[in-house]
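The primary structure of each chain is shown beneath.
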Amino acid sequence: MDKLETISAKQMGVLFFTFMTGSSIINIPAPLIGKAQNGALLSLLISGAIGMLLLGCMLYLHARFPNLSFVEYSRKLIGLWPTIIISVLPLSFMLHMLTAIVLDIGLFMKSSMLRETPTYAFTLLVYLVSALTVRAGLEVMARMFTIIMILVVLFVSAVLLLAMENYNPGFLFPVMPQGIKPVLNGAFFSFGFPYAEVFLFAMLLHFVNKQSQAKGELNRNMFLSLSLNIFTLCISTACTLMLFGPLAGIKKYSLFELARTVDVQEIITRIESVIGMSLISGSYMKTTITLYVLCLYVTHLFKLKDYRTIVMPITLIAFLNTLVGFKSDMQWVEIVSIVHPLWVSFAYVAPLLLITAIAAFRNQSN
């Protein structure tokens, strides 16, 4: 049934930008600065370049197999059982991603706005709305997320501009006060989130209509979206650095804290709620795309008739994992900072590079 859905290359580019930017624009700056310090922008450029290489591999595979998803052309290249074996880690990590994204919303709301409300009250609502959106289909998601993402970008841009009078460009220097090691540490972190996650769109590229593919629009839109994502994250990170300086790395939700400093003649004040809504909206969109890909992956792997039949069961499993997946906030921070980049390397990057190498080798053999 999923084959009946088609979207344009521009809509795919918007979905890609939404997925890569939605939650990272608010969650990335503080921990990245904490690891890379003033070299955070260099870290983003390094990890972004690796993301470009991974996107190039995906587009190469899509050009070879334009009507197939990652699971389908993997089965064609290496067979059924090897595909199932290499799919264990991607499936487990997609479930972890769902947990991480939604849990971030709950922890943010509990720590910043509604401190007495239990975390599961937020996560349950996000899962429910995301599951209903997934059941509506990719075409609905593409149209709806375009509007939401425009609003999110406008809100965040407005906050960054209103805080301009408080910026101190001197905080950006020196760029590497402690050498290259912190920069590489930051690149490792930002590679795991969000740039290695481009892998998920290997399951979606075949939904682009044939007219867009024939004109080469898909490649241009995908690379443009990733470039805009890198630029957007660099801007938000630079603004955080210029405002908070050495303290930027210890503020968990730095853009939320940045919005609290905005005070325009006592007319525009207390606009941090705008950033809060942007975080929730961006995370909701990323949750929905991740859940959609996870359901689609299982459907193609086991040749089910319709992905919609497994949306609610998988959503329930993800919700239960959110309840029992961690013991404390500190443990969760450690998982995201250390385990996440290593896990995603084996779960997403390794299978993608393996299938790309096999496809290239067989192409040369033919």
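Residues numbered from 1 in each chain as written. Predicted model: local features only at pLDDT ≥ 70, side-chain atom pairs only at ≥ 80, totals over all residues. Heavy atoms only, no water.

## Here's the deal with the overall build of the protein
Convention followed: Note on conventions: DSSP H or I runs of at least 4 residues are helices, E runs of at least 2 residues are strands, and numbering of each starts at the N terminus. The classification of residues rests on relative accessible area computed with a 1.4 Å probe and restricted to protein chains. Under 20% of the type maximum is buried, over 50% is exposed, and intermediate values are partly exposed. Two residues form a contact once any of their heavy atoms are found within 4.5 Å. The protein chains shown are the only cover counted for residues, whose accessible areas, like all others here, come from Shrake-Rupley with a 1.4 Å probe. Residues counted as positive are Lys and Arg, residues counted as negative are Asp and Glu, and His and the chain ends are not counted. Lys charges are placed at NZ, Arg charges at CZ, Asp charges at CG and Glu charges at CD.
The helix and strand inventory of the protein stands at 16 helices and two strands. Overall size of the protein, expressed as C-alpha extent along the three principal axes, is 65 × 45 × 40 Å. The burial tally for the protein puts 54% of its 366 residues in the buried class. Counted over contacts in the protein with a minimum sequence separation of 6, partners at least 24 positions apart contribute 85%. When the accessible surface of the protein is split by element, carbon and sulfur atoms take 69% of a total near 15,700 Å². Taking the average place of the 24 positive charges on the side chains of the protein and the average place of its 16 negative ones, the gap between the two points comes to 12 Å.

## So, the packing of helix α3 (residues 29-36) against helix α10 (residues 181-192)
Applied cut-off: Helix axes use the C-alpha atoms of the stretch in contact, all axes being lines fitted to C-alpha atoms, and the angles between their N-to-C directions lie in the range 0 to 180 degrees. Angular relationships are summarised with four words: roughly parallel below 35 degrees, roughly antiparallel beyond 145, roughly perpendicular across 65 to 115, and oblique for the angles in between. Classes in brief: Ala, Val, Leu, Ile, Met, Phe, Trp, Tyr, Cys and Pro nonpolar; Asp, Glu, Lys and Arg charged; the others, Gly included, polar.
At a closest axis distance of 7 Å, the pairing of α3 and α10 adopts a crossing angle of 150°. Taken together, α3 and α10 sit at an angle that is classed as roughly antiparallel. Residues Pro31, Leu32, Lys35 and Ala36 of α3 pack against Pro182, Val183, Asn185, Gly186, Phe189 and Ser190 of α10. For the contact of α3 with α10, the per-class residue count stands at six nonpolar, three polar and one charged.

## Here's the deal with the pattern of salt bridges
The following threshold applies: Salt bridge, as applied in this entry: a Lys or Arg side-chain nitrogen positioned within 4 Å of an Asp or Glu carboxyl oxygen.
All told, the structure shown has three salt bridges when counted by the stated rule. When the shortest N-O distance is used, the salt bridge between Glu257 and Arg260 registers 3.5 Å. Taken together, the residues span about one helical turn, with Glu257 and Arg260 both in helix α13 (residues 254-260) at a distance of three residues. Among the ionic pairs, Arg308 bridges to Asp306, the shortest N-O distance being 3.5 Å. In this pair, the class of Arg308 matches that of Asp306, namely buried.

## Description of the nonpolar core
As a reminder, the rule being used: Put simply, buried Ala, Val, Leu, Ile, Met, Phe, Trp, Tyr and Cys residues joined by side-chain atoms within 4.5 Å make one nonpolar core.
Among the nonpolar cores identified, the biggest contains 121 residues, and Met12, Phe201 and Leu258 are the most heavily contacted of them. No other element matches helix α14 (residues 272-301), which puts 15 residues into this core. Not counting chain neighbours up to four residues away, the residues in contact with Phe201 comprise Met12, Leu15, Phe16, Phe19, Met58, Met222 and Ile289.

## Quick look at unusual backbone geometry
Along the chain, Phe173 connects to Pro174 via a cis peptide bond; the corresponding omega equals -5°. Secondary-structure assignment places Pro174 in the loop between α9 (138-162) and α10. Backbone torsion omega between Phe193 and Pro194 reads 15°, so that peptide bond is classified as cis. Secondary-structure assignment places Pro194 in the loop between α10 and α11 (210-214). One non-glycine residue, Gln37, lies in positive phi territory at about 55°. On the secondary structure map, Gln37 appears in the loop between α3 and α4 (40-64). Backbone geometry at Lys303 places phi at a positive 55°, although glycine is not the residue there. Here Lys303 lies in the loop between α14 and α15 (311-324).

## Brief notes about the packing of aromatic side chains
Note the cut-off: Any Phe, Tyr or Trp ring, taking Trp's six-membered ring, that has another such ring centre within 6.5 Å forms a pair; planes under 30 degrees apart are called stacked, those over 60 apart edge-to-face, and the others tilted. Whether a charge sits over a ring depends on NZ of Lys or CZ of Arg being within 6 Å of the ring centre and within 35 degrees of the ring normal.
What the rule picks out here adds up to 13 aromatic pairs. Geometrically, the ring pair formed by Phe70 and Phe199 is edge-to-face, given 4.9 Å between the ring centres and 75° between the ring planes. Within this pair, whereas Phe70 is found in helix α5 (residues 70-78), its partner Phe199 is found in the loop between α10 and α11, the two being separated by 129 residues in sequence. Classification of Phe199 as buried rests on a relative accessible area of 1%. Grouped by ring-pair contacts, the aromatic residues Phe65, Phe70, Tyr73, Phe93, Phe199, Trp343 and Tyr348 constitute a single cluster. Note that Lys286 overlies the ring of Phe19, its terminal NZ or CZ placed 4.9 Å from the centroid.

## Concerning the confidence of the model for the protein
Heads up, the condition is: A score between 0 and 100, pLDDT records how confident the predictor is in each residue.
Residues of the protein with pLDDT of at least 70 account for 94%, and the chain-wide mean is 89. Element-level pLDDT for the protein is lowest in strand β2 (residues 268-269), with a mean of 68, against a maximum mean of 96 in α4.

## Quick notes on the packing of helix α1 (residues 9-21) against α9
Note the threshold: It is the rotation of the near helix from the far one that decides the hand of a crossing: anticlockwise by less than a right angle makes it left-handed, clockwise makes it right-handed.
Closest axis-to-axis distance for the α1/α9 pair is 9 Å, and the angle between their directions is 55°. Regarding the angle of α1 to α9, the classification is oblique. Between α1 and α9 lies a crossing of left-handed hand. Residue-level inspection shows Gln11, Val14, Leu15, Phe17, Thr18 and Thr21 of α1 in contact with α9, the latter providing Leu138, Met141, Ala142, Arg143, Phe145, Thr146, Met149 and Val153. Looking at the contact of α1 with α9 residue by residue, the class counts come to nine nonpolar, four polar and one charged.

## Looking at a nonpolar patch on the surface
Note the threshold: For patch building, the residue pool is restricted to those with more than 30% relative accessible area and no salt bridge; the joining distance is 9 Å between like charges and 5 Å between nonpolar side chains (Val, Leu, Ile, Met, Phe, Trp, Tyr).
The grouping of Leu42, Leu45, Ile46, Ile50, Phe173, Val175, Met176, Ile180 and Leu184 at the surface amounts to a nonpolar patch, some 760 Å² of accessible area in total. Sorting elements by how many residues they give to the nonpolar patch places α4 first, with four residues. Residue placement: Ile50 occurs in helix α4. Residue classification places Ile50 among the partly exposed residues on the basis of a relative accessible area of 34%.

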